[in-house]
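Given next are the chains, with one letter for each unit.
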Amino acid sequence: VQLQASGGGLVQAGGSLRLSCAASGHTYSMYAMGWFRQAPGKERDFVAAIIWSTDRTYYAESVKGRFTISRDNAKNTNYLQMNTLKPEDTAVYYCAVDTSPYSASYYSARFYDYWGQGTLVTVSS
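Residues numbered from 1 in each chain as written. Predicted model: local features only at pLDDT ≥ 70, side-chain atom pairs only at ≥ 80, totals over all residues. Heavy atoms only, no water.

Thoughts on the pattern of salt bridges
Applying the stated criterion across every chain, the model contains 4 salt bridges. The salt bridge involving D55 is made with R71; its shortest N-O contact spans 2.9 Å. With D55 in the loop between β5 (44-51) and β6 (57-59) and R71 in strand β7 (residues 67-72), the pair connects residues that are 16 residues apart, well separated along the chain. Under the relative-accessibility criterion, D55 is labelled partly exposed at 39%. What makes R71 partly exposed here is its relative accessible area of 23%. A salt bridge links E61 to K64, with the shortest nitrogen-to-oxygen separation between them at 2.8 Å. Given the relative accessible area of 63%, E61 is considered exposed. Taken together, the shared-partner salt bridges connect R37, R66 and D89 into one network. (Salt bridge = Lys/Arg side-chain N within 4 Å of Asp/Glu carboxyl O. Helix = DSSP H or I, 4+ residues; strand = E, 2+ residues; numbered from the N terminus. Buried < 20%, exposed > 50% of the residue type's maximum accessible area, 1.4 Å probe, protein only.)

Structure, rendered in structure tokens:
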């Protein structure tokens with residue numbers, strides 16, 4: 001599975017951005033798609049995930065109520081709508097795919113099998 005993330009950019013605090021992650025290749029193997037982010041000098045943190053077949057979603061506490069993950073099956077694409085952005089949301093955002101329905105956690109990066117190249121989101125204060 002190949003992943004192409006896009007949609008990052010520079011936005012003022014309080015603004016919005018929508019990230020996209022387009023999948024290609026063996027997309028039939030996708031079980032969950034997730035977003036993680038990594039700020040300079042910090043670890044890669046979970047942001048959100050969606051189960052491809054059921055639409056069930058998971059969010060980090062820090063983004064609940066502000067971010068929404070969704071999917072378009074026909075386009076093999078998922079979207080991360082980010083509203084009310086804060087300077088602490090500044091990071092490189094990565095999309096990822098988990099191919100297993102038996103993963104212990106969709107919150108942990110180590111259970112994801114494929115990763116996109118990342119897209120930079122910068123939120124100015």
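Topic: the packing of aromatic side chains
Applying the stated criterion across every chain, the model contains 8 aromatic pairs. Judged by centre distance (5.6 Å) and plane angle (75°), the rings of F36 and F46 are edge-to-face. In this pair, F36 sits in strand β4 (residues 32-38) while F46 sits in strand β5, placing the two residues 10 residues apart along the sequence. Taking relative accessible area as the criterion, F46 reaches 11% and is therefore assigned buried. (Phe/Tyr/Trp six-rings, centres within 6.5 Å; stacked < 30°, edge-to-face > 60°.)

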